[in-house]
Structure formats: structure tokens, C-alpha cells
Amino acid sequence: MNTRAKGLKNERRAVLLLTRFGYRVFRLYQPPYAKQGELDLIAVGHGRVRFVQVRTNSYHDLRPLKVFHALYCESSLAPTAEVFLYKDRVKEPVQRVME
């Protein structure tokens, strides 16, 4: 399985996890030829907004997400910027909230 397919599989896993917890989840469209952005999912529910970046096997470079958090995560809805890290052969992700 190539890295793009693995990433899409883990995004689908994150969508299922968030919907199971009662969030309405929106996937951000990225054409196959585009560079991956700093956000993959937006989850809305329980009076909050969660901006989610899904990663596979490593956090790599989180600077763009930290900049996004600094610019947009200070509002009345109390949005959070988070990273879901999926490791190979592990069912549940490691969740990290940006601060």
C-alpha cells in the first residue's frame, strides 16, 4: 500500500471515530496532484469545532498547523487544532491538541 492510500485509509478511520462520538465531520477536498494541506477534517459537535490533521507513523512537521492554531483558534466557539497520529498495526490513534 502506498503512502497516499494509507493516508486516505487513516482519514476514513478518523472520520468514523469522530462520527461515533457524535461529531459531524467534513473532509477537505484535495485533488490527487495537490500538495497536502495542514488540515484534513473539520468536526463540529457538542458546542465545539475541531480542526484535525491526520498523520501516519510520525508527526513530521507541525509548523503549518501551529500557525493555523495561532491565527484561527481564538474565538467564541473554542475551536481546537488537533493531530491524530495513526501508527501501523495499531487500531486507535494518538491524539495531540495543539497549544
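Here the structure is a predicted model, which is why all the values come from computation and not from measurement.

Enquirer: Any details on the side chain of Arg55? Residues and values, ideally.
Expert: With respect to the element layout, Arg55 can be found in strand β3 (residues 48-56). No salt bridge forms around the buried Arg55; measuring N to O, its nearest opposite-charge neighbour Asp40 is 6.3 Å away. Apart from residues lying up to four places away in sequence, Arg55 is in contact with His60, Asp61, Leu62, Val83, Phe84, Leu85 and Tyr86.

Enquirer: Quick one: what's the story with the environment of Phe21, residue by residue and with numbers?
Expert: Within the secondary structure, Phe21 sits in the loop between α1 (3-20) and β1 (24-27). Through-space distance from the C-alpha of Phe21 to that of His46 is 9.5 Å; in sequence the pair is 25 residues apart.

Enquirer: How would you summarise the sheet that holds β3 if you had to cite specific residues and measurements?
Expert: By definition, the strands of a sheet pair up through backbone hydrogen bonds, in either a parallel or an antiparallel sense. Ordered in space as β1-β2-β3-β4-β5, the 5 strands form an open sheet in which the pairing is mixed. In this open sheet, the two strands that pair with only one neighbour each are β1 and β5 (94-97). Strand-to-strand twist across the sheet, computed as the mean angle between neighbouring axes with direction ignored, equals 25°. For strand β4 (residues 80-86) and β5, the ladder comprises 4 bridges, and the chain directions are antiparallel.

Enquirer: Describe unusual backbone geometry, listing the residues and the values that go with them.
Expert: If a residue is not glycine, its phi is most likely negative; likewise, a peptide bond is most likely trans. Even without a glycine there, the phi angle at Asn57 is positive, about 75°. Structurally, Asn57 can be placed in the loop between β3 and α2 (63-72). The backbone of Arg89 shows a phi angle near 60°, a positive value even though the residue is not glycine. By relative accessible area, which is 82% here, Arg89 ends up exposed.

Enquirer: Describe the packing of aromatic side chains, with residues and values.
Expert: This structure, assessed with the given rule, holds 0 aromatic pairs. When the ring centre of Tyr23 is taken as reference, the NZ or CZ atom of Arg50 above it lies at 5.0 Å.

Procedures and definitions
Residues numbered from 1 in each chain as written. Predicted model: local features only at pLDDT ≥ 70, side-chain atom pairs only at ≥ 80, totals over all residues. Heavy atoms only, no water. Helix = DSSP H or I, 4+ residues; strand = E, 2+ residues; numbered from the N terminus. Buried < 20%, exposed > 50% of the residue type's maximum accessible area, 1.4 Å probe, protein only. Lys, Arg positive; Asp, Glu negative; His and termini not counted. Salt bridge = Lys/Arg side-chain N within 4 Å of Asp/Glu carboxyl O. Contact = heavy atoms within 4.5 Å. Pairing = 2+ DSSP bridges. Axes fitted to C-alpha atoms, helices over the stretch in contact; angles between N-to-C directions. Phe/Tyr/Trp six-rings, centres within 6.5 Å; stacked < 30°, edge-to-face > 60°. Lys NZ or Arg CZ within 6 Å of the ring centre and 35° of its normal.

Purely spatial values, then, with no claim about function.
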